[in-house]
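Per-entry structural report
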Amino acid sequence: MTLSPDLTETLARARADLRMGVGIVLIGESGAALVLSAETIAPARLADVLALGLPADLAITGRRAQTLKARAYDGDIARVVLPADASLRWVHSIADPADDLATPMKGPLNSRREGDAALHRFAITLCKSSRLLPAAVVVPVADGVAFAADNALSLVDATAAAPHLEALSPLDHVVSARVPLRAAENARLHIFRPEDGSEEHYAIEIGRPDREKPVLARLHSACFTGDLLGSLKCDCGPQLNAALNAMGSEGAGILLYLNQEGRGIGLANKMRAYALQDQGFDTVEANHRLGFEDDERDFRLGAQILGKLGVSQVRLLTNNPAKIARMEDCGIKVAERVPLKVGENEHNTRYLATKAAKSGHML
Ligand SMILES: Nc1nc2c(ncn2[C@@H]2O[C@H](COP(=O)(O)OP(=O)(O)OP(=O)(O)O)[C@@H](O)[C@H]2O)c(=O)[nH]1
Ligand SMILES: [Zn+2]
């Protein structure tokens, strides 16, 4: 019945539930499981989960397991056995590295080896796309359909939904309007909305770039601290302004403002990474300790928006070779790389050096 939510809509609901600390039920090929975010689960809910008396796990990423010295039998995922008397403090200490240095001994941690990790993996992916810490309480339940109905929880068919999690959501153009900018008075802002309910993304079109030739373009990832607050920890604000100014001087260009804050981990997690950086870790190490990869952005987004704007070849303002490779993979020809070296200061020297050393940025 079309009044019922489809798979994409059910996934969007499930993300909202996880963010609110509400459980969801996943059904897979080898069973069903109740899943809650380790970050948002409330103490009373955790008590209720433990009162079920079922063997439960705390699913974390292989990256986080490495820091905790927990065995990750499933490679990219570890299923840490949730003790029957687990406290919320314990759950948080496994999921969140904030106090790793203050309380290094969290173990012994027992990792589960038998059984299937598919639902745990799915749960972690959902936590990541909800911009939460990548850690989930996972409790196998015998009859997922009944459990979800009895507790009024969202029910997700993980097998059917898996391709939707991997695929890039189609984006719909919502509206465009003229916005005169300091850098260029003849600018237009286009809004694009993903069909999966995730954040909107923007394109700022300056002048009317000739689509028959490579268009001066920038894929800018949102940085609230750098773009809006003028943070000196990164070079994003100056890069944003320099890119718009370059397009203004040429009279044409397209800047995509992609809402992939913190290289796709969200602002709260980026601030967790900043707190770790104050403990001495660099930007990549901080991401790993949190359980994330170096870069969780999906640049297929940028390619899709360029395609929708009729752009197939660009002169890309970037220092990041991975961005060029991703564009080419997605069928956008990068005719030229235009360097964007601005905003270096005493606070971001190490950040920029780490980007060059570990992420291959061209400095
Ligand atoms: N996770 C994390 N994200 C950060 C950090 N500093 C900046 N960011 C985010 O990184 C993104 C910018 O990425 P960069 O790697 O600096 O630049 P880039 O866009 O890949 O490459 P360029 O095109 O050369 O600028 C923005 O989304 C920022 O919010 C950090 O320390 N940790
Ligand atoms: Zn920044």
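None of these values were measured; they are calculated from a predicted model. (Residues numbered from 1 in each chain as written. Chains lettered and ligands numbered in written order. Predicted model: local features only at pLDDT ≥ 70, side-chain atom pairs only at ≥ 80, totals over all residues. Heavy atoms only, no water.)

Here we come to helix α1 (residues 7–20). For α1, with 14 residues, the first-to-last C-alpha span of 20 Å sits near the 20 Å given by 1.5 Å per residue. Along α1, the positions that sit buried rather than exposed are Thr-10, Leu-11, Ala-14, Arg-15, Asp-17 and Leu-18. Projected down its long axis, α1 shows its buried positions confined to an angular sector of 160°, all on one face. Facing away from the buried side of α1, by more than 90 degrees, are the exposed residues Arg-13 and Met-20. Buried residues along α1 sit against β1 (24–28), β2 (31–37), α5 (118–129), β6 (154–157) and α7 (158–166). Regarding α1, its N-cap is Asp-6, as a side-chain oxygen of that residue lies 3.1 Å from the backbone nitrogen of Thr-8 further along. (Helix = DSSP H or I, 4+ residues; strand = E, 2+ residues; numbered from the N terminus. Expected span 1.5 Å × (residues − 1). Buried < 20%, exposed > 50% of the residue type's maximum accessible area, 1.4 Å probe, protein only. Arc of directions from axis to C-beta. Contact = heavy atoms within 4.5 Å. Polar contact = N/O pair within 3.5 Å; in protein donor to acceptor, adjacent residues only side chain to side chain.)

When you tally the buried positions in strand β12 (residues 313–317), you get 5 out of 5 residues, the bulk of the element. Residues Gln-313, Arg-315 and Leu-317 point to one face of β12 and Val-314 and Leu-316 to the other, with burial holding for every one of them. Note: strand β10 (residues 215–221) against β12, 3 bridges, orientation parallel. If you follow Val-215 over to β12, its bridge partner there is Val-314. Bridging between β12 and strand β13 (residues 333–338) involves 5 bridges; their strand directions are parallel. Bridge pairing in β13 links Leu-316 to Arg-337. A crossover connection joins β12 to the parallel β13 through helix α14 (residues 321–329); in handedness this β-α-β unit is right-handed. (Pairing = 2+ DSSP bridges. Right-handed = clockwise from strand over helix to strand, strands pointing away.)

As a further point, take the site of ligand 1. Taken together, 23 residues lie near ligand 1, and Arg-218, Arg-297, Thr-318, Lys-323 and Lys-355 sit nearest. Contacts to ligand 1 include Gly-262, whose backbone N or O atom sits 3.0 Å from an oxygen atom. A distance of 2.6 Å is found between an oxygen atom of ligand 1 and a side-chain nitrogen or oxygen belonging to Lys-323. Starting from 660 Å² of accessible surface for ligand 1 in isolation, the protein chains cover 99%. Mapped by element, the contributors of at least two residues to the shell around ligand 1 are β10, α10 (261–264), α11 (267–277), α12 (283–290) and α15 (349–359). Considered class by class, the residues forming the shell around ligand 1 number 5 nonpolar, 11 polar and 7 charged. (Near = heavy atom within 4 Å. Areas by Shrake-Rupley, 256 points an atom, 1.4 Å probe, with all protein chains shown as cover. Nonpolar A, V, L, I, M, F, W, Y, C, P; charged D, E, K, R; others polar.)

On to the side chain of Thr-318, then. Locating Thr-318 in the fold gives a position in the loop between β12 and α14. By relative accessible area, which is 2% here, Thr-318 ends up buried. Discounting residues that sit within four places of it in the chain, Thr-318 has contacts with Arg-218, Lys-323, Ile-324, Arg-337, Val-338, Pro-339 and Leu-340.

UniProt annotation of "binding site: GTP" (unreviewed entry) refers to Arg-218, Leu-219, His-220, Ser-221, Ala-222, Gln-239, Glu-261, Gly-262, Arg-263, Thr-283, Thr-318 and Lys-323 when read in the numbering used here. A maximum C-alpha distance of 22.5 Å among these annotated residues, which run over 106 residues, shows that they spread across the structure rather than meeting at one spot. With respect to the element layout, Leu-219 can be found in strand β10. Leu-219 has contacts with Leu-256, Leu-258, Phe-299, Gly-302, Leu-306, Leu-316, Lys-323 and Met-327, leaving out every residue within four places of it along the chain. Tracing the chain through its elements places Gln-239 in helix α9 (residues 236–250). A relative accessible area of 5% means that Gln-239 is categorised as buried. Residues contacting Gln-239, with those up to four places away along its chain left out, are Arg-218, Asn-319, Leu-340 and Val-342. In this structure the side chain of Gln-239 is engaged in a polar contact, spanning 3.1 Å, whose partner is the side chain of Arg-218. (UniProt positions renumbered as here; feature names shortened; annotations may be inferred.)

Below, the discussion takes up the packing of aromatic side chains. Under the counting rule described, the total for this entry stands at 1 aromatic pair. Centre to centre, the rings of Tyr-202 and Tyr-257 are 6.1 Å apart; their planes meet at 15°, and the pair counts as stacked. Here Tyr-257 lies in strand β11 (residues 253–258) and Tyr-202 lies in strand β9 (residues 201–206), a separation of 55 residues in the sequence. Across the ring face of Tyr-274, the terminal group of Lys-233 is positioned such that the distance to the ring centre comes to 4.4 Å. (Phe/Tyr/Trp six-rings, centres within 6.5 Å; stacked < 30°, edge-to-face > 60°. Lys NZ or Arg CZ within 6 Å of the ring centre and 35° of its normal.)

Looking now at the environment of Ser-111. By the secondary structure assignment, Ser-111 is in the loop between α4 (88–95) and α5. Judged by its relative accessible area of 16%, Ser-111 is buried. Residues within four places of Ser-111 in sequence aside, it is in contact with Ala-70, Arg-71, Tyr-73, Arg-79, Val-80 and Val-81.

Among the nonpolar cores identified, the biggest contains 39 residues, and Leu-34, Leu-58, Ile-60, Leu-82, Trp-90 and Val-137 are the most heavily contacted of them. For this core, the element with the most residues is α4, which contributes 5 residues. In this view, Trp-90 contacts Leu-58, Val-80, Val-81, Leu-82, Pro-83, Lys-106 and Leu-109; residues no more than four positions away in its chain are not counted. (Core = buried A, V, L, I, M, F, W, Y, C linked by side-chain atoms within 4.5 Å.)

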